[in-house]
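Tertiary structure, described
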Amino acid sequence: MTVELVVCETCRRPEDPPEAVRPGAELVALMERALADSPDLTAQVRLRPMRCLMSCRRPCAVAVRSAARMSYVLGDFAPDEMTVETLTAYLRAYAATDDGIVPFKQWPHGVKGRFVSRLPPLEEPDGQV
């Protein structure tokens, strides 16, 4: 079952000038490289840049989702290597679940306090919508 990482490419901090490179776009580029360098994740995770996740008060925002698993929106990330390490660790833990619920003890330190919302699966475990 494929996991999708949706990254808001238009995220920016309030103090960023409008013409500056958006931190969200920087995070997309970093995640593209990280996935390309991790064949195990490339096989499981699809990166999907999106123009806006409407989490502007909590940039950089990402969504982690899969059709039959719980979905999560997380925010307040910096476009840096620590965020990449945090997200790749969380993606591995999420992909290893059947329901998308990663036990708290398995959360990478960097995701704690960053959850914005949790959404139920699009499909029931038996495949029905």
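The rules behind these values
- Residues numbered from 1 in each chain as written.
- Predicted model: local features only at pLDDT ≥ 70, side-chain atom pairs only at ≥ 80, totals over all residues.
- Heavy atoms only, no water.
- Core = buried A, V, L, I, M, F, W, Y, C linked by side-chain atoms within 4.5 Å.
- Buried < 20%, exposed > 50% of the residue type's maximum accessible area, 1.4 Å probe, protein only.
- Helix = DSSP H or I, 4+ residues; strand = E, 2+ residues; numbered from the N terminus.
- Polar contact = N/O pair within 3.5 Å; in protein donor to acceptor, adjacent residues only side chain to side chain.
- Contact = heavy atoms within 4.5 Å.
- Pairing = 2+ DSSP bridges.
- Axes fitted to C-alpha atoms, helices over the stretch in contact; angles between N-to-C directions.

The biggest cluster of nonpolar side chains holds 31 residues, and the ones touching the most others in it are L5, M31, V62, V64 and L91. The set of elements that each furnish at least two residues to this core consists of β1 (3-8), α1 (23-36), β2 (45-50), β3 (62-65), β4 (71-74) and α3 (81-95). If one sorts the elements of this core by residue count, α3 sits on top with seven residues.

So, on to the environment of P14. Mapped onto the secondary structure, P14 falls in the loop between β1 and α1. Here the alpha-carbon distance between P14 and E4, two residues 10 residues apart in the chain, equals 27 Å.

Moving on, we get to the side chain of T97. Tracing the sequence through the fold places T97 in the loop between α3 and β5 (115-119). The exposure class of T97 is buried, given its relative accessible area of 11%. Among the polar contacts listed, one links the side chain of T97 to the backbone nitrogen of G100, at a separation of 2.8 Å. Those residues within four positions of T97 in sequence are excluded, and the remaining contacts are R69 and V102.

Attention now goes to the sheet that holds β1. Across the sheet, five strands lie side by side as β2-β1-β3-β4-β5; this open sheet has mixed pairing. If you trace the sheet from one side to the other, it starts and ends with β2 and β5, each paired once. Between one strand and the next, the sheet's axes are offset by a mean angle of 15 degrees, whatever the strand orientation. With four bridges joining them, β1 and β3 adopt antiparallel strand pairing. Its bridge partner lying in β3, V7 is registered against V62.

Let's shift gears to the pairing of β3. Two strands pair when backbone bridges link them, and β3 and β4 are joined in this way by three bridges, in the antiparallel orientation. Bridging from a neighbouring strand, A63 pairs with V73 of β4. In textbook terms, the turn of a hairpin is the stretch between consecutive antiparallel strands, and for β3 and β4 this stretch comprises five residues.

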